[in-house]
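Notes for the structure review
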Amino acid sequence: MTDLAALTSLPHDQRTKAFLDYLDRGRAAGPVARSSQPGVWEVFGYDEALQVLGDHRTFSSDMNDMIPEDERELASAAQGNFLGIDPPRHTRMRELVRRAFTPHVIAGLEPVIAETAEELLDGIELSADGTGTFDVVADYAAPLTARVIAKLFGIPEKDHGMFTVWADALLGARPAGELGRAEESAVRELGELVRFASAYLLDIIHQRRAEPRDDLISALARAEVDGRSLEDHEIVGVIGMFVIAGHLPSSVLVGSTVMSLDSHPDVLDEVRADLDLLPKVVEEVLRWRSPLVRDQRVTASGTRLGGEDIPAGAVVCVWLLSAHRDAAHFERAEEFDIHRPNQGRHIGFGKGIHFCLGAPLARMEARIALTALLRRFERIEVLPDSGIRFHPSIGVLGPVRLPVAVRRATQAG
Ligand code: HEM
């Protein structure tokens, strides 16, 4: 039996290897298995992953029953968080948000991301000879993605730092190796944070209702479906969901791409010669080192999946990263190949009705962040012994600390 919590405390390279071994062993034994953790089933196969994500009636996303009765604010904030609800409410909420978070809004963020990336790179101190070291995730990717979300919602600049703290706390509500439900004490601690964050956001929502601006909160306040618009507490939930879903995986994706290129110098050379290859690189990283390695559902009724009988009320952990290593769908799955023909088949952004609403933004952020980085520095070398740290949760795979040594490109000025 593999202790997933113990695995997350290993040094990053051993952890990745042990985790991939765990998934490969699981898949070899069968596409679906009862977990050693009570009440949990694990899905290792690609087809079975699609079956779960494509059937929201049997595999529900609503895990709100873990919230203690007296944590009212948390439950009400969760109402706007449509990641964790089912149709018909999910359909209506998602459509309301989709009407505000349009391709036009996302395209409008392109210059903001590019400017913020340059600003952050300008802030990095280098020696007179143009060399130096910095943390490419903590000092660059993480503040970049946090600021983008904050700017998207029109949160004042001075409060941007708070977003990172919220995102980390919201994600940390579960013990590292836990596949099932969150612990009640952790949910209660989270309640404190949600109360504080809700009060802060409600204040901004009231301001935007009175004086709309060109930001997503104002657009969310205006959006209507069938004559019904979002209530204030639902907007708080939507923002909370974007903070949880939008910031950390995007910064981890940039870090994992830097690591993947560092360990594949031939690909790095190819990409440096043609930066238009970056979207292909990012897609392959989403498959090969998916920042979010699992999705979760709970069975609304008893069902049969991958030859196993699963009772009602079971937690189903879908290992997206294992599906990406399923040989029936990805040849030489363990290889990092930016030119693989069926690249678009990965499910790193999920699949079905909960497919990631921020995928276009995440892809654009990664492309811009990596383009700026590769243009600015002609050498970027991961420093393996200088404190690389991965996110502690088993659900996230990738660096939150990634020190690199760099040399400024001569033409970067
Ligand atoms: C590399 C970055 C990202 C990854 C790997 C990622 C991954 C995912 C995955 C796997 C899901 C599906 C969850 C499920 O099925 O239960 C999801 C949903 C979602 N993501 Fe992302 N995401 C990323 C970035 C973003 C960004 C930047 C935003 C917003 C700005 C965002 C907003 C959302 C939302 C709102 C949902 C819920 C959709 C729904 O339930 O209908 N994500 N994401």
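This write-up is about the structure you can find in this document. As the structure is a prediction and not an experimental result, all values here were calculated from the model. (Residues numbered from 1 in each chain as written. Predicted model: local features only at pLDDT ≥ 70, side-chain atom pairs only at ≥ 80, totals over all residues. Heavy atoms only, no water.)

**Quick look at the overall build of the chain**
Note the following rule: Strands are runs of DSSP state E lasting at least two residues, helices are runs of H or I lasting at least four, and both sets are numbered from the N terminus onward. Here the term buried applies to any residue with accessible area under 20% of the maximum for its type, exposed to any over 50%, and partly exposed to those in between, with areas from a 1.4 Å probe on protein chains only. A 1.4 Å probe and the Shrake-Rupley method give the accessible areas. Residues count as covered only by the protein chains that appear here.
A count of helices and strands for the chain gives 16 helices and 14 strands. Every one of the 413 residues in the chain was classed for burial, and the buried ones make up 55%. Carbon and sulfur atoms make up 52% of the accessible area of the chain, which totals about 17800 Å².

**Regarding the coordination of the iron atom of the ligand**
Heads up, the condition is: Donor atoms are limited to N, O and S found within 2.8 Å of the metal ion, a distance that becomes 3.2 Å for Na, K and Ca. With water left out, some sites might look partial.
Coordination of the iron atom of the ligand by the protein comes from a single atom, Cys356 (SG), at 2.3 Å. Relative to the helices and strands, Cys356 is located in the loop between helix H15 (320-323) and helix H16 (359-376).

**Here we look at the sheet that holds strand S2 (residues 40-43)**
Heads up, the rule is: DSSP calls a pair of strands paired once it identifies at least 2 bridges connecting them.
The mixed open sheet is built from 5 strands, whose spatial order is S1-S2-S10-S7-S3. Sheet topology places strand S1 (32-34) and strand S3 (59-60) at the edges, where each strand pairs with a single neighbour. One ladder, built from 3 bridges, connects S1 with S2; its direction is antiparallel. For Ala33, the partnering residue across the bridge sits in S2 and is Glu42.

**A few points about the site of the ligand**
Applicable threshold: Note on definitions. A residue lies near a molecule or strand when any single heavy atom of the residue is within 4 Å of it. Each polar contact in these results corresponds to two N or O atoms within 3.5 Å; when the atoms are within protein, one needs to be able to donate a hydrogen and the other to accept it, and residues that are neighboring in sequence are counted only if both atoms are side-chain atoms.
With respect to spatial proximity, 26 residues lie near the ligand, and among them His90, Arg94, Asp295, His354 and Cys356 are the closest. Between the ligand and His90 there is a distance of 2.7 Å, counted from an oxygen atom to a side-chain nitrogen or oxygen. Here an oxygen atom of the ligand and a side-chain polar atom of Asp295 are 2.7 Å apart. Breaking the shell around the ligand down by element, the ones donating at least two residues are helix H5 (89-100), helix H11 (232-246), helix H12 (248-262), strand S7 (294-299) and H16.

**Topic: the environment of Ala18**
Stated formally: By definition, residues are in contact when any of their heavy atoms lie within 4.5 Å.
Looking at where Ala18 falls in the secondary structure, it is placed in helix H2 (residues 12-29). The exposure class of Ala18 is partly exposed, given its relative accessible area of 23%. Ignoring any residue separated from it by four or fewer positions in sequence, one finds Ala18 in contact with Leu7 and Leu10.

**Observations regarding the pairing of strand S10 (residues 315-319)**
Across the 5 residues that make up S10, a large majority, 5, are buried. Across the two faces of S10 the burial is the same, with Val315, Cys317 and Trp319 and Val316 and Val318 all buried. Across 4 bridges, S2 lies against S10 in parallel orientation. Paired with Val40 across the strands is Val315, a residue of S10. In this structure, S7 lies alongside S10, joined through 5 bridges in antiparallel fashion. Counted as the bridge partner of Arg294 is Trp319 from S10.

**Quick word on unusual backbone geometry**
Of note, the amide linkage connecting Pro87 to Pro88 takes the cis form, showing an omega dihedral of 5°. Tracing the chain through its elements places Pro88 in the loop between helix H4 (72-80) and H5. A positive phi angle is found at Arg332, which is not glycine, with a value near 40°.

**Quick look at the sheet that holds strand S11 (residues 377-382)**
For the record, the criterion: Each axis is a line fitted through C-alpha atoms, taken for helices only over the stretch in contact, and angles between the N-to-C directions span 0 to 180 degrees.
Taking strand neighbours across the sheet as the criterion, the 3 strands line up as S4-S14-S11 in an open arrangement whose pairing is antiparallel. Both edges of this open sheet fall to strand S4 (131-135) and S11, since each of them pairs with a single strand only. For this sheet, the mean inter-axis angle between neighbouring strands, taken without regard to orientation, is 25°. Where S11 meets strand S14 (residues 403-408), 5 bridges bridge the pair, whose relative direction is antiparallel. What sits directly across from Glu381, in S14, is Ala405. Across the face of the sheet, H12 comes into contact with S11 and S14 while running at roughly 90° to S11.

**Observations regarding the pairing of S14**
In regular strands, side chains alternate between the two faces of the sheet. As judged from the 5 bridges shared by S4 and S14, these two strands associate in the antiparallel manner. Each residue of the ladder has a partner; that of Phe134, found in S14, is Val404.

**A look at a negative patch on the surface**
Here is the rule: To count toward a patch, a residue needs a relative accessible area above 30% and no salt bridge. Like charges then connect within 9 Å, nonpolar side chains (Val, Leu, Ile, Met, Phe, Trp, Tyr) within 5 Å. Put simply, a salt bridge is a Lys or Arg side-chain nitrogen that is within 4 Å of an Asp or Glu carboxyl oxygen. When charges are tallied, Lys and Arg are placed among the positive residues and Asp and Glu among the negative ones, while His and the ends of the chain are skipped. A charge is said to be at NZ when it belongs to Lys, at CZ for Arg, at CG for Asp and at CD for Glu.
On the surface, Asp266, Asp269, Glu270, Asp274 and Asp276 cluster together into a patch of negative charge. Residue position: Asp276 is located in the loop between helix H13 (265-273) and helix H14 (278-288). By relative accessible area, which is 68% here, Asp276 ends up exposed.

**So, the pattern of salt bridges**
All chains considered together, the criterion is met by 24 salt bridges. We note a salt bridge from Glu95 to Arg99, for which the minimum N-O separation is 2.8 Å. With Glu95 and Arg99 both in helix H5, this residue pair falls 4 residues apart, about one helical turn. The partner of Arg367 in a salt bridge is Glu110, and the shortest N-O contact between them spans 3.4 Å. Taken together, the positions of Arg367 in helix H16 and Glu110 in helix H6 (residues 103-122) put the pair 257 residues apart, joining distant regions of the chain. Arg367 sits in the partly exposed class, given a relative accessible area of 30%. Looking at Glu110, the relative accessible area reads 33%, which means it is partly exposed. A cluster of three or more residues bridged by salt bridges with shared partners is formed by Arg89, Arg92, Arg228, Glu231 and Glu234.

**Let's talk about H2**
Defined as follows: A helix is expected to span 1.5 Å for every residue after the first. Think of it as the arc spanned by the lines of direction from the helix axis to the C-beta atoms.
The first and last C-alpha atoms of H2 sit 26 Å apart over 18 residues, in line with the 26 Å expected at 1.5 Å per residue. Inspection of H2 places His12, Arg15, Thr16, Phe19, Leu20, Tyr22, Leu23, Gly26 and Arg27 among the buried residues, and these make up the whole buried set. Viewed end-on, H2 has its buried residues packed into an arc of 150°, placing them on one side of the element. H2 presents Lys17, Ala28 and Ala29 as exposed residues on the side facing more than 90 degrees away from its buried surface. Residues of H2 that are buried in the fold lie against helix H1 (4-8), S2, H12, S10, H15 and strand S12 (389-390). Backbone geometry just after H2 places Gly30 at a positive phi near 150°.

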